[in-house]
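Spelled out from the first residue to the last, the chains are:
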Amino acid sequence: EMATSPSTKGLLLVDLQNDYFTGGNMPLKKIEQAGENAKQVLNYFRAQNLPIVHVKHEFPPSSFGWLEKGTKGADIHDCVAPLDSETVITKTNVNSFKETELQSVLQKFGVSDLVIVGAMSHVCVDGAVRAASDLGYKVTVVQDACTCPDVTFGEKVVQAEDVHATIMSALSFYAEVTSTKEVTK
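By convention here, each chain's residues receive numbers from 1 onward along its written sequence. With the structure being a predicted model, the display of local features is reserved for residues of pLDDT at least 70 and the display and counting of side-chain atom pairs for 80 or more, all residues being used for whole-chain, interface and lining totals. Values shown for side chains rest on all heavy atoms present in the structure; no hydrogens or waters enter the calculation.

(A) Looking closely at the packing of helix H3 (residues 121-134) against helix H4 (residues 160-171). What counts as an axis is a line fitted to C-alpha atoms, over the stretch in contact for a helix, and the angles between N-to-C directions run from 0 to 180 degrees. Here a helix means four or more residues in a row that DSSP labels H or I, a strand means two or more in a row labelled E, and each is numbered from the N terminus. Relative orientation of the contacting elements H3 and H4 amounts to 10°, with a least axis distance of 10 Å. Put simply, H3 runs roughly parallel to H4. Taking contact as the criterion, the partners of Ser121, His122, Asp126, Val129 and Arg130 in H3 are, on H4, Val163, His164, Ile167, Met168, Ala170 and Leu171. When the residues that make up the contact of H3 with H4 are grouped by side-chain class, the tally is 6 nonpolar, 3 polar and 2 charged. Orientation is classified from the angle alone, with under 35 degrees giving roughly parallel, over 145 giving roughly antiparallel, 65 to 115 giving roughly perpendicular, and any other angle giving oblique. We call two residues contacting when some pair of their heavy atoms lies within 4.5 Å. Residue classes follow a fixed rule: Ala, Val, Leu, Ile, Met, Phe, Trp, Tyr, Cys and Pro count as nonpolar, while Asp, Glu, Lys and Arg count as charged, and any other residue, Gly among them, counts as polar.

(B) Inspection of the environment of Asn93 at higher detail. Tracing the chain through its elements places Asn93 in the loop between strand S3 (87-91) and helix H2 (102-109). Here Asn93 is in contact with His57, Lys98 and Glu99, once residues within four sequence places are set aside. From its side chain, Asn93 meets the backbone oxygen of Lys98 in a polar contact 3.4 Å long. Polar contacts, as used here, are pairs of N or O atoms within 3.5 Å; protein pairs need one atom able to donate a hydrogen and one able to accept it. Residues neighboring in sequence count only if both atoms are side-chain atoms.

(C) Inspection of the nonpolar core at higher detail. Ranked by internal contacts, the top residues of the largest apolar core, which has 28 residues, are Leu11, Leu13, Leu16, Tyr20, Val41, Val80 and Val117. With 5 residues, the top contributor of residues to this core is helix H1 (residues 31-47). In this structure, Leu16 is in contact with Phe21, Ile31, Ala38, Ile76, His77, Val80, Val117, Gly118 and Ala119, ignoring residues within four places of it in sequence. Definition of nonpolar core: a set of buried residues of the types Ala, Val, Leu, Ile, Met, Phe, Trp, Tyr and Cys, connected through side-chain atoms within 4.5 Å. In this scheme, a residue with accessible area under 20% of its type's maximum is buried, one over 50% is exposed, and one in between is partly exposed, where area comes from a 1.4 Å probe on protein chains only. Formed by 26 residues, the second largest nonpolar core is a distinct cluster that contains Tyr137, Val139, Cys146 and Ala175.

(D) Structural view of the pattern of salt bridges. For salt bridges, the criterion is a side-chain nitrogen of Lys or Arg within 4 Å of an Asp or Glu carboxyl oxygen. Summed over the entire model, instances satisfying the criterion amount to 7 salt bridges. Note that Asp150 is salt-bridged to Lys29, the shortest N-O span being 2.9 Å. A residue pair is termed long-range when its members are at least 10 positions apart, and Asp150 in the loop between strand S5 (138-147) and strand S6 (151-153) and Lys29 in the loop between strand S1 (9-14) and H1 qualify at 121 residues. The closest approach of N and O atoms between Glu58 and Lys56, which form a salt bridge, is 3.2 Å. Of the two residues examined, Glu58 and Lys56, each falls in the buried class.

So this is what it looks like as structure tokens:
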């Protein structure tokens, strides 16, 4: 009976891959800080023995120049390196659930409440949050464990912090948007 069983929290780490970090092919703003916060959240979930799923994005070789299959840039960054016991899912779409086993893995773990960290705030984090919400998960976004780059739309360059703030504001309609400090206390 769903109503009386305790909810199970799970952690979803989205696309925290080498190319997004300093020295990678697509470095994001404040990525080291976001990665460090994601690591704190990950360690908290490990200490509580709660379900953890890592997702990584792969583009085809010789396509975009970043996160390409078979490159070191597509590997999950050391700051949140998965343990052998943790599930790693490879995706090729923005939405972590689309054409992956993510939903069945979370169901197998009995996850009802999904905490999400990662990159990029306005693309794959956004996609994961909205999809998870639509699938009935209670979603929490750890905003300071997510980040993005400056983006260009037409002639307009939008600073990363404004992109991030805008998307986190929008995601507050789908999820609880909070901080590393709040999630790990």
